[in-house]
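Below, each chain spelled out in residue letters.
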Amino acid sequence: VMKPGEAEVVPNLAIDPFDKVFLGDPYAYHDMIREAGPVVWLDSVGAFAMARYEEVKDSLRDHETFCSSRGVGTLDFAKETPFRPPSLLLEADPPLHDRTRSMMNRIVSLKALKELRPRWQAKAEELVDRLVERRRFDAVKDLSEIFPMMIFPDTIGLRDDGREHLLDYATIVFNAFGPDNDVLREGNEGKEAAIEWVAEACKRDNLKEGGWGMAVFEAADRGECTHEEAERLVRSFLSAGVDTTVNGIGHMVLALAGHPEEYQKLRSNPSLVRRAFEESLRWDSTVQTFFRTTTKRVEVGGAEIPEGQKVLLFLAAANRDPLHWDEPDAFRIERNTSGHVGFGFGIHQCLGQMVARLEGELIGTAIAERVASIRLTGAPVRRLNNTLHAIDSVPVEVEPA
């Protein structure tokens, strides 16, 4: 146990991880944060931060010390009220978290996905066939934004009108984990209707029979949660179910287009597709950062963090930590990516990771079987977001197989 005054002085870094230049290319700064020490202080956000793999993973695993119920963004729910009721999954601690999570795990199960797979696969193949015929297309606008919208809203059982609001809603939610800055204001402009649409779409009366949304309300009928909780749990599907996979698929195509030798490995061995998707998540993590709040004084790597402090965890920096990964900046589809934190880690690990993995696998397989080569025809365009490394456009040209 350290005596008072023995703790190492935490380095203070004069960078703002939510500033436009940083968000445009976060990887340019990660080395500096990792090298500064296991824990740093960021004046810009008034929070501690960690960017090395071991410390980030340990903090995610230690949910009792680094809690989520006080918000996984800049706001401390113990002091301020968020713009929407907290998520019962992402922003909850045990025992509430365990109760809602195990209930949701029964709905988003391997069995459920097995049943959906043939239908999803047919849609993936049909979409990729159309694009291969065109030869030139935008891997975001024409592929990664289209595919999740072809399958996910129907799986939840959402009403047919207004589904385009889902992408806008996710932008708002993930922006809100950061500070009230220009990125948030500009990103959210003109998207007010999305918040209202989602609030309505989560209501039982607006959900179709047989979807995952209705299954949540049926669990509430059985007493597994309240009906008010059911509405909030359906909302969790909608905030995290589309934009994250849009960017995950977009990054996979970007990675494969930029690494032709890796793409040829996938072509000659399509069973590597799952690894390729995991490696693309490690190499360019869709969710870049999440916060935790300390529930007690804690020592990390010789540094002392007091109770009640926000701690910013750089998931993407952890996924490229040279202390943990061999040649971390290289995209290699045969790499063992086990333990990457692109989906988080521990009890709050992403609920929809099996959904994302299946989508990535189906699109990756459809491309590998139909496309001899894929190349960029222009520079990818980023869409700035406080939490996501989002991508707006990836123009490509493909050579049909």
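Bear in mind the structure is a predicted one, so any value in this text is a computation, not a measurement. (Residues numbered from 1 in each chain as written. Predicted model: local features only at pLDDT ≥ 70, side-chain atom pairs only at ≥ 80, totals over all residues. Heavy atoms only, no water.)

For strand β6 (residues 289-294), the buried fraction is high: 6 of the 6 residues fall into the buried class. A two-sided burial pattern is seen for β6, the buried positions comprising T289, F291 and T293 on one face and F290, R292 and T294 on the other. Across 2 bridges, strand β4 (residues 66-67) lies against β6 in antiparallel orientation. Bridge pairing in β6 places C67 opposite T293. Bridge count between β6 and strand β9 (residues 310-314): 5 bridges; the pairing is antiparallel. (Buried < 20%, exposed > 50% of the residue type's maximum accessible area, 1.4 Å probe, protein only. Helix = DSSP H or I, 4+ residues; strand = E, 2+ residues; numbered from the N terminus. Pairing = 2+ DSSP bridges.)

One finds M50, W212, V216, F237, L238 and I363 to be the most contacted residues of the largest nonpolar core, which totals 112 residues. Looking at this core, the element that brings in the most residues is helix α5 (residues 110-134), giving 9 residues. Among all residues touching F237, those that are not within four sequence positions of it are M104, I107, V108, F152, I156, W212, V216 and L351. Counting 14 residues, the second largest nonpolar core, distinct from the first, contains L13, F22, A51 and A317. (Core = buried A, V, L, I, M, F, W, Y, C linked by side-chain atoms within 4.5 Å. Contact = heavy atoms within 4.5 Å.)

Time to look at the environment of G352. The topology assignment puts G352 in the loop between α16 (315-318) and α17 (353-370). Sequence separation between G352 and Y53 is 299 residues, and the spatial gap between their C-alpha atoms is 23 Å.

Judged by side-chain charge, E189, E192, E196 and E200 come together as a negatively charged surface patch. Mapped onto the elements of the fold, E189 is located in the loop between α9 (182-188) and α10 (192-201). (Patch = residues over 30% accessible without salt bridge, like charges linked within 9 Å, V, L, I, M, F, W, Y side chains within 5 Å. Areas by Shrake-Rupley, 256 points an atom, 1.4 Å probe, with all protein chains shown as cover. Salt bridge = Lys/Arg side-chain N within 4 Å of Asp/Glu carboxyl O. Lys, Arg positive; Asp, Glu negative; His and termini not counted. Charge placed at Lys NZ, Arg CZ, Asp CG, Glu CD.)

So, about the pattern of salt bridges. For the coordinates displayed, the defined rule picks out 43 salt bridges. In this structure, the salt-bridge partner of R99 is E229, at a minimum N-O distance of 2.8 Å. Of the two residues, R99 is situated in helix α4 (residues 96-107) and E229 in helix α12 (residues 227-240); the sequence distance between them amounts to 130 residues. A salt bridge links E361 to R117; the nearest nitrogen and oxygen atoms lie 2.7 Å apart. On the criterion of sequence distance, the pair formed by E361 in helix α17 and R117 in helix α5 is long-range, its members being 244 residues apart. Relative accessible area serves as the criterion here: at 10%, E361 is assigned to the buried category. In this structure R117 comes out as partly exposed when scored by relative accessible area, which is 27%. When salt bridges with common partners are traced through the structure, they connect K141, E145, D243, R383 and D392 into a single cluster.

Within helix α3 (residues 53-61), burial applies to Y53, E55, V56, K57, S59 and L60. On the buried face of α3, the contacting elements are β3 (47-50), β4, β6, β7 (298-300), β9 and α16.

Looking now at the sheet that holds strand β13 (residues 395-400). The strand order β5-β13-β10 describes an open sheet built from 3 strands, whose pairing is antiparallel. One side of each edge strand has no neighbouring strand; the edge strands of this open sheet are β5 (136-138) and β10 (371-376). This sheet shows a mean twist of 30 degrees between the axes of neighbouring strands, independent of strand direction. Packed on one face of the sheet, α5 meets β5, β10 and β13 and runs near 130 degrees to β5. Sheet strands touched by helix α13 (residues 243-258): β10 and β13. Its angle to β10, the strand with the most contacts, is close to 95 degrees. (Axes fitted to C-alpha atoms, helices over the stretch in contact; angles between N-to-C directions.)

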